[in-house]
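Single-letter residue listing:
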Amino acid sequence: MIISLVVAASSNHAIGKDNRLLWHLPDDMKFFKNTTWAMPVIMGRKTFASLNGKPLNGRLNIVITRQQDWQAEGVIVVHSLAEAVQAATERYYLECYVIGGGEIYREALPVSQKVYLTRVDTVIDGDTFFPELDAENWVLQSARNCPADAKHAFAYAFQLWERKNA
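Read on for a plain summary of the structure. It should be emphasised that the depicted structure is a prediction, and the values quoted were computed from it without experimental measurement. (Residues numbered from 1 in each chain as written. Predicted model: local features only at pLDDT ≥ 70, side-chain atom pairs only at ≥ 80, totals over all residues. Heavy atoms only, no water.)

Moving on: the sheet that holds strand E9 (residues 138-146). An order of E5-E4-E3-E6-E1-E7-E10-E9 is seen for the eight strands of this open sheet, with the pairing classed as mixed. What marks the edges here is a single partner per strand, and that holds for strand E5 (76-78) and E9. The sheet shows a mean angle of 20° between the axes of neighbouring strands, taken without regard to direction. Inspection of the sheet shows strand E7 (residues 114-120) paired to strand E10 (residues 156-163) by seven bridges, in the antiparallel sense. Looking at E10, one finds that tyrosine 116 is bridged to leucine 160. (Pairing = 2+ DSSP bridges. Helix = DSSP H or I, 4+ residues; strand = E, 2+ residues; numbered from the N terminus. Axes fitted to C-alpha atoms, helices over the stretch in contact; angles between N-to-C directions.)

Structurally, the position occupied by tryptophan 23 is in the loop between strand E2 (14-16) and helix H1 (26-36). The buried category is assigned to tryptophan 23, whose relative accessible area is 11%. Between the alpha carbons of tryptophan 23 and histidine 152 there is a distance of 8.7 Å; along the sequence they are 129 residues apart. Once you skip the residues sitting within four places of it in the chain, tryptophan 23 turns out to touch Ala8, Ala9, Ser10, Ala14, Val120, Thr122, Ile124 and Phe154. (Buried < 20%, exposed > 50% of the residue type's maximum accessible area, 1.4 Å probe, protein only. Contact = heavy atoms within 4.5 Å.)

This part is about the packing of aromatic side chains. Counted under the stated rule, the structure contains six aromatic pairs. A ring pair is formed by phenylalanine 31 and tyrosine 116, whose centres lie 6.3 Å apart and whose planes are at 50°; its orientation type is tilted. Note that phenylalanine 31 is positioned in helix H1 and tyrosine 116 in strand E7, a separation of 85 residues in sequence. Relative accessible area serves as the criterion here: at 22%, phenylalanine 31 is assigned to the partly exposed category. Seen from their ring centres, phenylalanine 48 and tryptophan 70 are 5.7 Å apart, and the 85° between their planes marks the pair as edge-to-face. Of this pair, phenylalanine 48 sits in helix H2 (residues 45-50) while tryptophan 70 sits in the loop between strand E4 (60-64) and E5, and the two are 22 residues apart along the sequence. Like tryptophan 70, phenylalanine 48 is buried. The rings of Phe31, Tyr97, Tyr116, Tyr156 and Phe158 are connected pair by pair, giving a single aromatic cluster. (Phe/Tyr/Trp six-rings, centres within 6.5 Å; stacked < 30°, edge-to-face > 60°.)

Let's shift gears to the pairing of strand E6 (residues 95-98). Burial of the side chains of E6 extends over both faces: Glu95 and Tyr97 are buried on one face and Cys96 and Val98 on the other. Pairing between strand E1 (residues 2-10) and E6: four bridges, direction parallel. Bridge pairing in E6 places serine 4 opposite tyrosine 97. Relative to E6, strand E3 (residues 40-44) runs parallel, the two sharing two bridges.

Right, dumping it as structure tokens:
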């Protein structure tokens, strides 16, 4: 199973504050939808709550929570990252996408093979952060820079990072 992370992070690695995104970038939302469509997405319970408590359409939604009795309609509830990956594997997927939050990203990064990182060109106040990718373990495979415009308050870059020797 290929474990990929999909994240948008500022120059100072912030990804959210008060369980909300820090920006509105329509092209990043399209990228996210196109990348994860018809695939399993793995998220923490708080990230699921930030989606108004509704599963993302067109994807197998897997929610990790420590709360043993927590349930939500339209999602698979698990209690660890390993269980989440197993749930995707049992359904014959070859790749799964971790979509947050910060704690889930930190746990998944050491066992992941790819990171789809939208690097947002701003330093912003956040309370949730994405771990820094170290050059010892990760190599930038591709990057596409996009300028700020009428719909995008910040410049940003779509980056694909792959684990060395994966």
